[in-house]
Amino acid sequence: TAIVVLIVEDDDSFRNGVAANLRDDGHVVHQCATPTDVAPDQLEAAHVVVTHYHMKETNGIAFADDLQRRRAGLAIVLVTAYWTVEVEAAAAGRPDVHLCRRPIDYDDLHERIHAIARPA
């Protein structure tokens, strides 16, 4: 069974690049440009959400918290180029949030997604 990945990222080229890579790995991929674009059915279908720490509307930690309120236990990969002690500490306090450095190591991303994906 294919893993359903929801990518939420306001940078179109980054989002489309990650989506193409994940599709090539056999995943079903849905994309949203902003957190407010996420439809309830997309969230319910997702096994994993991949999002970015820095977005225009919000930051990835706040968005992860919102996702967890809407669907507890959802696995979230938070991509960031701004790896700081604060970001690491915030993610560490959220067991379903997994940090991934940008630029993305796609082998690492694929392994991580396969390890944390949970059925919807």
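Above this note sits the structure.
Description of the structure in this document.

Reading the values: rules and limits
Going along each chain's sequence as written, the residues are numbered from 1 onward. The model is predicted, so local features are restricted to residues of pLDDT at least 70 and side-chain atom pairs to those at 80 or more, both for listing and for counting; the totals for chains, interfaces and linings are taken over all residues. The basis for every side-chain value is the complete set of heavy atoms in the structure, and neither hydrogens nor water enter the calculation. The nonpolar core is taken to be a set of buried Ala, Val, Leu, Ile, Met, Phe, Trp, Tyr and Cys residues, with the residues joined through side-chain atoms within 4.5 Å. Remark: exposure states derive from per-residue accessible area (1.4 Å probe, protein chains only) relative to the maximum for the residue type, with buried under 20%, exposed over 50%, and partly exposed in between. By the criteria applied, helices consist of DSSP H or I runs no shorter than four residues and strands consist of E runs no shorter than two, each listed in order from the N terminus. Only heavy atoms matter for contacts: two residues are in contact if any of them lie within 4.5 Å across the pair. Expected helix span is computed as 1.5 Å times (number of residues minus one). The rule for a salt bridge is simple: a side-chain nitrogen of Lys or Arg has to be within 4 Å of a carboxyl oxygen of Asp or Glu. Here the rule is simple: two strands pair whenever DSSP picks up at least two bridges between them. With strands facing away from the observer, any crossover in which the path from the first strand over the helix to the second runs clockwise is taken as right-handed. In this context, the arc is that of the directions from the helix axis out to the C-beta atoms.

### Overview of the nonpolar core
In step 1: Counting 21 residues, the largest nonpolar core has Leu6, Val8, Val38, Val49, Phe63 and Leu67 as its most contacted members.
In step 2: At the level of elements, strand S1 (4-8), helix H3 (60-70), strand S4 (75-80), helix H4 (85-92) and strand S5 (97-101) are the ones that each hand at least two residues to this core.
In step 3: With 4 residues, H3 is the single largest residue contributor to this core.
In step 4: Aside from chain neighbours lying at most four places away, what touches Phe63 is Val8, Pro35, Val38, Val49, Thr51, Met55 and Thr58.

### Details of helix H1 (residues 12-24)
In step 1: Between the first and last C-alpha of H1 there are 18 Å, a value that for 13 residues agrees with the 18 Å anticipated at 1.5 Å per step.
In step 2: At its buried positions, H1 is contacted by S1, strand S2 (28-32), S4 and helix H5 (106-116).
In step 3: Immediately downstream of H1, the backbone of Gly26 shows phi near 95°, a positive value.

### Describing the side chain of His98
In step 1: Tracing the chain through its elements places His98 in strand S5.
In step 2: Aside from chain neighbours lying at most four places away, what touches His98 is Ile76, Val77, Leu78, Arg112 and Ile116.

### A closer look at the environment of Phe63
In step 1: Following the sequence through the fold, Phe63 ends up in helix H3.
In step 2: For Phe63, a relative accessible area of 2% puts it in the buried group.
In step 3: For the pair Phe63 and Thr36, spaced 27 residues apart in sequence, the C-alpha to C-alpha distance is 9.8 Å.

### A closer look at the pattern of salt bridges
In step 1: Counting across every chain of the model gives 4 salt bridges.
In step 2: When the shortest N-O distance is used, the salt bridge between Arg70 and Asp66 registers 3.3 Å. One end of the pair, Arg70, and the other, Asp66, are both in helix H3, 4 residues apart, so they sit about a helical turn from each other.

### Section: the pairing of strand S3 (residues 48-52)
In step 1: Where burial is concerned, most of S3 is hidden: 5 out of the 5 residues are buried.
In step 2: In this sheet, S3 lies alongside S1 in parallel orientation, the contact comprising 4 bridges. Paired with Leu6 across the strands is Val49, a residue of S3.
In step 3: Examined bridge by bridge, S3 and S4 share 5 bridges and lie parallel to one another. If you follow Thr51 over to S4, its bridge partner there is Leu78.
In step 4: Regarding the hand of the β-α-β motif, the stretch spanning S3, H3 and S4 is right-handed.

### Some details on H5
In step 1: Looking at H5, one finds that the buried residues are Leu109, His110, Ile113 and Ile116. Here the buried residues of H5 occupy an arc of 150° about the axis, which is enough to place them on one side. Turned more than 90 degrees away from the buried face of H5 sit Asp107, Glu111 and Ala115, all of them exposed.
In step 2: Those residues of H5 that are buried are in contact with S1, H1, S3, S4 and S5.

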